[in-house]
Amino acid sequence: MRIPRQKYFHRPNLTQTFVAFFTTISGITVFNYEFFKQVFLPPYEFAQIKKHMDELGVKTLPIVSITGFIIGLVLAMQSYPVLQRFGATDFLPNTVALSVVRELGPVITALIFAGRVSSGIGAELGSMRVTEQIDAMEVSAINPFKYLVVTRVIATTMILPILTIYVIILAMFGGFLAVIITENMSFEYYKNAVVGAVQFGDFIPGVAKTFVFGYIVGIVGAFKGYTADGGTAGVGRASTTSVVLASLLILIFDMILVKVTLVLWPTLG
Amino acid sequence: MADTWLVKINNVSKAFDDFKVLDDISVTIQKGENLVVFGQSGTGKSVLLKCIIGLLSPDIGEIFIKDKNVTKLNTKELNEVRKNIGFLFQSAALYDSMTVRENLEFPLRKHTTMTQKELDEKVFNTLELVSLENAIDKMPSELSGGMRKRVGLARSIITDPELMLYDEPTTGLDPITTKEISDLIISLQRKLNMTSIVVTHDLICAKIIADRAIFLRNGKIAFEGQIDDLTKSTDPFLINFFSDEIIKQ
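**A word on the overall build of chain B**
Consideration 1: For chain B, the count of helices and strands is 9 helices and 10 strands.
Consideration 2: Since a compact globule built from 249 residues should have a radius of gyration of about 18 Å, the 18 Å found for chain B is in line with a globular shape.
Consideration 3: Along the first, second and third principal axes, the C-alpha set of chain B runs to 55 × 45 × 40 Å.
Consideration 4: In chain B, buried positions account for 41% of the 249 residues.
Consideration 5: Taking contacts inside chain B between residues at least 6 apart in sequence as the whole, the part at least 24 apart equals 67%.

**Some remarks on the overall build of chain A**
Consideration 1: For chain A, the helix and strand inventory stands at 8 helices and 0 strands.
Consideration 2: The secondary structure elements of chain A, listed N-terminal to C-terminal, are α-α-α-α-α-α-α-α.
Consideration 3: Each principal axis of the C-alpha atoms in chain A carries an extent, and together these give about 65 × 45 × 35 Å.
Consideration 4: Each of the 269 residues in chain A was classed as buried or not, and the buried ones make up 43%.
Consideration 5: Of the contacts formed within chain A by residues at least 6 apart in sequence, a portion of 85% connects residues at least 24 apart.

**What to know about the nonpolar core**
Consideration 1: With 124 residues, the main nonpolar core has A:Val100, A:Ile216, B:Val37 and B:Leu165 as its most contacted residues.
Consideration 2: Leave out the neighbours within four places in its chain, and A:Val100 touches A:Ile71, A:Gly72, A:Leu75, A:Gly105, A:Ile168, A:Ala171 and A:Met172.
Consideration 3: Formed by 5 residues, the second largest nonpolar core is a distinct cluster that contains A:Val130, A:Ala228, A:Val235 and A:Ala238.

**Structural notes on the sheet that holds strand 4 (residues 60-65) of chain B**
Residues and elements named next belong to chain B.
Consideration 1: Taken in spatial order, the 4 strands of this open sheet run 2-1-4-5, and their pairing is antiparallel. Looking along the sheet, the strands with just one partner apiece sit at the ends: strand 2 (19-30) and strand 5 (68-69).
Consideration 2: Examined bridge by bridge, strand 1 (residues 5-16) and strand 2 share 8 bridges and lie antiparallel to one another. In the strand pairing of strand 2, Val-12 is matched with Ile-25.

**What about the sheet that holds strand 6 (residues 85-88) of chain B?**
Residue and element names in this part refer to chain B.
Consideration 1: One open sheet accounts for 6 strands, arranged 6-7-8-3-9-10; its pairing is mixed. At either margin of the open sheet sits one strand with a lone partner, and together these are strand 6 and strand 10 (220-225). For this sheet, the mean angle separating the axes of adjacent strands, direction not counted, is 15 degrees.
Consideration 2: Relative to strand 9 (residues 212-217), strand 3 (residues 34-39) runs parallel, the two sharing 5 bridges. Residue pairing for strand 9: Phe-38 is matched across the bridge by Phe-215.

**Concerning the interface of chain A and chain B**
Consideration 1: In this complex, chain A contributes 10 residues to the contact, which on the side of chain B involves 13 residues.
Consideration 2: Along the lines of polarity and charge, the residues of the side of chain A that touches chain B split into 4 nonpolar, 3 polar and 3 charged.

Reading the values: rules and limits
Once a new chain begins, its residue numbering starts again from 1 and follows that chain's sequence as written. Labels are handed out in written order, letters beginning with A for the chains and numbers beginning with 1 for the ligands. Only residues with pLDDT of at least 70 are given local features in this predicted model, and only at 80 or more are side-chain atom pairs given and counted; all residues enter the totals for whole chains, interfaces and linings. The numbering of helices and of strands both runs from the N terminus, where a helix is a DSSP run of H or I of at least 4 residues and a strand a run of E of at least 2. With the radius of gyration taken over C-alpha atoms, the globule rule is written as 2.2 Å times the number of residues to the power 0.38. Buried means a residue has 20 or more other C-beta atoms within 10 Å of its own C-beta, exposed means 12 or fewer, and partly exposed covers the counts in between; C-beta atoms are placed from the backbone. It is the C-beta atoms, placed from the backbone, that decide contacts: two residues are in contact if theirs lie within 7 Å. Throughout this description, the term nonpolar core refers to a group of buried Ala, Val, Leu, Ile, Met, Phe, Trp, Tyr and Cys residues whose C-beta atoms join them within 7 Å. Being paired, for any two strands, means DSSP has found at least two bridges between them. Between N-to-C directions, angles span 0 to 180 degrees; the directions come from axes that are lines fitted to C-alpha atoms, helices contributing only their stretch in contact. Only Asp, Glu, Lys and Arg are considered charged in this grouping, and only Ala, Val, Leu, Ile, Met, Phe, Trp, Tyr, Cys and Pro are considered nonpolar; every other residue, Gly among them, is considered polar.

So this is what it looks like as structure tokens:
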């Protein structure tokens, strides 16, 4: 497999910028094609996938826990005055639940996951590339793409939905904390309102799109790291550009997936 | 000798953009022979090794290892050939997230069905060959440059390859460690009866290892023969090259 690699220019002119852009597009296309070609072929490297899921999940857990709790808390605090103006403070749990389940939970978790994990994968594989560890695997007749890339991308794709569900639950608790500070509302009432507000059609599309976001985080980080060159500076570039590209793609795909969801479930609109 | 070659390189050329690194290189390496490839930095020595192992494809020419033309093989066939080749990288290229033990076990786990006991024994015996059995549970970051080279060497030979490729095995090492590594390479070669291609510009290393040497200059073979003939060549460029080497020593 030959993956087109973007050449680095310190101060690129317009032509070089265009060439670099299209080289990245073609490179990432080949990379995706290679992933889907290899993902169903043995060896399956289950132990590596489990190891990466453990590592990525544990590493990201503290930051998403804090973020999830704060999202719910702040959202409830911000929404309360607006709902109060319309005399609709009873709808506060519904507002928090729907916002978090449909959009904020999945997207913010994915963006944090991209910042934490995509850069990590980019730096790790980039470092392995520039120190010839990937070449060493290849000359030992071991498929580095399968061992390093496929396992990581599967791990990110599987772990992000789990983290998202966890963030959604924590955000609900954060929201409840804000509610009991401002409103005299029991946990039972809050819980029933949340459960009543969130339908199957709200929850499934929200969580389902995080499989796509998880895939983006993994594949972008792996692509940038696997194709890194230029020594330690190249590793730094791989790490930084992984986060930027993954975050951008998450937002673009979110827009597309929201539109697709509304077409498939028009009642959500 | 006609039937005893292991590697045959026929008219190989390789260019990067407009820069021709290898230009019509042809050389044959006999079984059990140690060939040293000399040349200045950037003259295509490492590129030649990478073409032999299939990390790079030559633009023109053929490379045979036994009866297999590595330039025409698919990945699966190439991997079968690679199982019989060891490659020592200039930086040793140890997997830095694994211990020394795991580095050595890794190729065996992927290509054999050895039990843990057999793996332990094989790893220990191989580390003993390079006198590093005490470093078995260390991380690569805890090792010195010379130790890393030895572990890299141990990892390369653990699958009992027929052919060993060394990419500047003594670069960055002091003269005493250089001699130790070179002695180790030659003793392993004799013990395990391997064929070796060694890329270097280190005369101490070459004098210990070489059965035969080639000198690459401007992508072409400028000299082919015995190491003593090379160092005594009357070619002004070679005189200058080796006088510099001697000053360094």
